[in-house]
Each structure stands twice: as structure tokens, then as C-alpha cells.
Amino acid sequence: MKKLKRALIAFLVTILTVNVVSLGFANSASADTTKLNLNARAAYAIDAETGQVLYQKNANKTYPVASLTKVLTLAVIEQDVKNHHLSWNQKVKITPAVAKVANDWHFSNVPLNAGESYTIRQLTESMMIVSADGSAEALALADAGSTAAFNKKMQAVAKKAGVTDAKIYNMIGLANGDLGKNSLKGVKKTAENQFSAKDMALISKYLIETYPDSLKITKTKMANFRVSANQEYQMININSLLPENGFAPKNGTIDGLKTGNTDTAGKCIISTGTFAGRRVIVVALHTKGDWNAQSKDAQKFYEKLTEIYQPVQLTSLRQLSKNVQDAHVVHAKDKHSTGLELTKATTIWLPKGTVLNQVGAKLKIAQADRSMTHQLKAPVKKGQHVGYVTLKPTGMSSIQLPFKATDNIKKNGWF
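Just so it is clear, the model here is predicted, and its values are computed rather than measured.

A. Highlighting the nonpolar core. Ranked by internal contacts, the top residues of the largest apolar core, which has 74 residues, are L72, I77, L112, M171, I203, I270 and L285. Every residue in contact with I77, bar those within four places of it in the chain, is listed here: L86, W88, I120, T124, L139, D143 and F150.

B. Expanded view of the sheet that holds strand β10 (residues 266-275). With antiparallel pairing, five strands are arranged side by side in an open sheet as β2-β1-β11-β10-β9. The open sheet terminates on both sides in strands that have one partner only, identified here as β2 (53-57) and β9 (252-262). Between one strand axis and the next, the sheet turns through 10 degrees on average, direction left out of account. Looking at chain direction, strand β1 (residues 40-47) and β2 are connected through four bridges and run antiparallel. Paired with A45 across the two strands is Y55, which belongs to β2. Here helix α7 (residues 197-210) sits on the sheet and contacts β1, β9, β10 and β11 (278-287); the angle it forms with β11, its principal contact strand, is near 145 degrees. Along the sheet face, helix α9 (residues 291-308) touches β1, β2, β9, β10 and β11 and points at about 30 degrees away from the line of β10.

C. The arrangement of the side chain of N109 in detail. Note that N109 resides in the loop between α3 (96-102) and β5 (117-119). Classification of N109 as buried rests on a relative accessible area of 12%. Within the structure, N109 has its side chain in polar contact with the backbone oxygen of V101 (distance 2.8 Å). Polar side-chain contacts of N109 include one of 3.4 Å to the backbone oxygen of D104. The contacts of N109, once residues within four sequence positions are left out, are V101, A102, N103, D104, A132, D133, G134 and Y233.

D. Fine view of the pairing of strand β7 (residues 222-228). Two strands pair when backbone bridges link them, and β7 and strand β8 (residues 231-236) are joined in this way by six bridges, in the antiparallel orientation. Residue pairing across strands places F225 opposite Y233, the latter belonging to β8. Hairpin connection of β7 to β8: two residues between the antiparallel strands.

E. Just the confidence of the model for the protein, in detail. Summing up the model confidence of the protein, the mean pLDDT is 91 and the portion of residues at 70 or higher is 91%. Taken as a whole, residues 1-33 scores under 50 in pLDDT and shows one contact with residues more than four places along the chain or in a different chain.

F. Summary view of helix α2 (residues 69-82). Compared with the 20 Å implied by 1.5 Å per residue over 14 residues, the 20 Å span of α2 between its first and last C-alpha is a close match. For α2, the tally of buried residues reaches 13 of 14 residues, placing the bulk of the element in the interior. Positive phi appears at H84, one or two residues downstream of α2, with a value of about 65 degrees.

G. Structural detail: the sheet that holds strand β16 (residues 360-365). Here we have six strands laid out as an open sheet, ordered β16-β18-β19-β14-β13-β17, and mixed in their pairing. Two strands bound the open sheet, and with one partner strand each, they are β16 and β17 (376-377). Two strands pair when backbone bridges link them, and strand β18 (residues 385-392) and strand β19 (residues 399-405) are joined in this way by six bridges, in the antiparallel orientation. For H385, the partnering residue across the bridge sits in β19 and is K404.

H. Region of interest: the pattern of salt bridges. Under the criterion given, the structure shown has eleven salt bridges. As a salt-bridge pair, D47 and R278 come within 3.0 Å of each other at their nearest N and O atoms. With D47 in strand β1 and R278 in strand β11, this residue pair connects regions lying 231 residues apart in the sequence. Both residues of the pair, D47 and R278, count as buried. Between D255 and R279 there is a salt bridge, with the nearest N and O atoms lying 2.7 Å from each other. Separated by 24 residues along the polypeptide, D255 in strand β9 and R279 in strand β11 bring together distant segments of the chain. Judged by relative accessible area, D255 falls into the buried class, the value being 13%.

I. Highlighting unusual backbone geometry. In this model, A378 is joined to P379 through a cis peptide bond whose omega is 0 degrees. Tracing the chain through its elements places P379 in the loop between β17 and β18. A positive phi angle is found at S131, which is not glycine, with a value near 60 degrees. Even without being a glycine, A276 presents a positive backbone phi close to 55 degrees. Its place among the elements puts A276 in the loop between β10 and β11.

J. Here's a closer look at α9. The end-to-end C-alpha distance of α9 is 26 Å, a good match for the 26 Å that 18 residues give at a rise of 1.5 Å each. Buried within α9 we find Q294, S295, D297, A298, Q299, F301, Y302, K304, L305, T306 and I308. Capping of α9 at its N-terminal end is provided by D290; its side-chain oxygen lies 3.2 Å from the backbone amide nitrogen of N292.

K. Examining the packing of helix α5 (residues 133-144) against helix α6 (residues 147-160) more closely. The contact between α5 and α6 brings their axes to 8 Å, and the two run at 90 degrees. Considered as vectors, α5 and α6 are oriented roughly perpendicular to each other. Touching A140, L141, D143 and A144 of α5 are T147, A149, F150 and K153, all from α6. Here the residues of the contact of α5 with α6 sort into five nonpolar, one polar and two charged.

L. Local environment of the side chain of E78. Among the structural elements, E78 can be located in helix α2. R121 provides the closest opposite charge to the buried, salt-bridge-free E78, at an N-O distance of 7.3 Å. In this structure, E78 is in contact with W88, L207, Y211 and S214, ignoring residues within four places of it in sequence.

About the thresholds
Residues numbered from 1 in each chain as written. Predicted model: local features only at pLDDT ≥ 70, side-chain atom pairs only at ≥ 80, totals over all residues. Heavy atoms only, no water. Core = buried A, V, L, I, M, F, W, Y, C linked by side-chain atoms within 4.5 Å. Buried < 20%, exposed > 50% of the residue type's maximum accessible area, 1.4 Å probe, protein only. Contact = heavy atoms within 4.5 Å. Pairing = 2+ DSSP bridges. Helix = DSSP H or I, 4+ residues; strand = E, 2+ residues; numbered from the N terminus. Axes fitted to C-alpha atoms, helices over the stretch in contact; angles between N-to-C directions. Polar contact = N/O pair within 3.5 Å; in protein donor to acceptor, adjacent residues only side chain to side chain. pLDDT = per-residue confidence, 0-100. Expected span 1.5 Å × (residues − 1). Salt bridge = Lys/Arg side-chain N within 4 Å of Asp/Glu carboxyl O. Parallel < 35°, antiparallel > 145°, perpendicular 65-115°, else oblique. Nonpolar A, V, L, I, M, F, W, Y, C, P; charged D, E, K, R; others polar. Lys, Arg positive; Asp, Glu negative; His and termini not counted.

Shown next as C-alpha cells:
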């Protein structure tokens, strides 16, 4: 009888344990539906104005990025047009080496005829709308004279965007050997450009901020390319997220930016558009599945973004917790504290339903104005930038906002 009781108790405990575990898994699955996710090897999503990180996965590790490279190539061309080194109507004569790449069906292309001339604008549009590899090569050589010389320009622009760790071998994103006569000497034929997802987001942010008209090209859904007097090529934008396309997000408008694909890079995409009144940039490297799977995944990402997050305008530190509204000042003569205010009003993304003054907030005094005990030290001038407020919304990356002092604080003569 005792054995029977023990067996019955053990059975009931087992059933209870299974139910509890199952409930735990159910809760976990439910929790996962409230989070952003991209089915990619690496990804990075930011607010294009503030740089606030909305999502990241392996974001700092460098990988091959295929034709996403052309966003950087475009930034160099835009720069050199602005500086009058190039002009949009300038004609570029196609060499046999470039024509060989342009007419190779293995690559993304519009046909270019050796000896024929095309304008910088034509080549730029074909490079961005249908990812024409021959056009990218023609642009770089017209601009700098060689692949190596153009690479240096790409590196300089990448540095302006805040990127220092990229490996750049050419203007297209193909393997070095694919450029044939225009490949780099002394470099492996298999070498491909490598950037991190964060790198590509920073370069895209730089392009959009510095040359906003570039989006007029990337949002073009269809255009004709005049190959010769007797031939036109109809270019259809391969970005499935653009308005009225099958995978266009219902909660915002996509107007760029670039896709890419090689065997080593896999399928990659940078997309950008306006959601809840804010421009967002999303990078996904080596996505899973086919092009439709990639587009559907991105569509879901954007729709989930405004479902769980919302932009909130922050105009004053008074909207936050009291511990970041003023600062104690050491080595001061008379007054030992100063009020603080944001350097400028800003907009931040927060989980919906978040109360601003309950968001974790912490002061970080700038190193030049910091005492040995990490406090603000005198003297302090009104309007002086003295540090950052670090916000940590639930489930999101931290955000740093610069602040300034509202008072003049004199220094104690003993210090």
C-alpha cells in the first residue's frame, strides 16, 4: 500500500512538473513574439537621424557584403560630382575589359558595349536600380583611373562615415578575380570586400544625410537604359519592399537602398524608409531562404517595429528621473550644484507604454570635466557641454544624450 501511495505521488509530481515546464515554454514563446528579429547571420537597425540602435545581431563582426558595397561606391561618386571632379552628364567610354564584365550573365548587369559612351547619371542609376556590376566598374575607373585608386577613395569616405575596420578590394563587391584585367595585383582572386552590419548602416546613414537626392535613384521602380541607338534595356528595381510591391510594409514607406548576393556573402540587403515619422535603416547580411523569404522577413520586421516601439520627443531632462536633472559640483567656491539641460531636443524610440521618468537614466560626466571621484568639477560655465545621460529602456540598447550646464560655477581657490 505504501509503495502504491509513493508511486501515485511520484506520478502526480511528474504530471505537475511537465505542466509547469510546458507553461514555461509557452510563456517563452509568447515573449519571443514581442521582440524584433531578422533571420540573418548579422543585422543592425538604427534611427537614421539619431543613430539609436533598434536591433542588432553579430553587428560588429565583418563579413562579405556583395553588392551592398555599391552604397559606398555611390557615396564616392556623389562626393566627386559635388566637388566638380565629375558631372552627371559627363560621358564615359566603355573599355573592352569593362564590357566583358558588363556582358557576363553570371553578374548583375545591364549590357554595355565596348567603345560606346554612357553618362555618369546613366551608369549610376543602373548601378543602384538593378545592381549593374559593369556600370559600377565603369564609374570607378572614370572617377579614379584604377581599382586601387578608387579603393582609396572608398576608404576615405568610409572613414568619414565612422568605419575603420572594413576590407575593401573593389567597387562592386565581387571577388577580386572576377574583375579580370582590373583586379588588384598581389591579392587573392577569392578576396571579397568585408564590412560589418554596423559598418553598412553607418555608410548608409552618411549617404542619406550628405546626399539625400540619392534616394531619388534608389526609389525608382522602373527606368529605361539606352544601350545603343537601336537598343534599350528596361530596368526594374529589385527591391521588393518598395511601395506597391508584394512585400511593401503596410505601416511605412520604403525608398531604398540596396540588395546584394554572392556565394560567400549570401543574400544581403540594406533597406530604409519612414516609419512613425522617422527614417529607419535596416541591414541584414546572409539572410536565410530565398529572395521572397528575405523580403517577407524584412516586411515583418518593419511592421513589428511600430507595433512594439514608438518614437517619443524628449525636450527636457525634466521628463526623466530626478537623478539626472542636476549635478553636484566639486572644487566649487560658492555654489555646489548646477542644473542640467539637453544640448538639443531629440526623439527616441521606446517600448510602447513606457513612462519616460521611469526609464533607467544615469549621468556620465565628460572626462575633461570629471574629478577623480567621477563628479563634475569646477569651474563650470553656463551652456558648457559637460557630459551625457545614458538611458536604458527595457529590452533595448542604451542611448546616450549630451547635456549642458545651466549655471556658472566658480572654482575654489584651493584647487
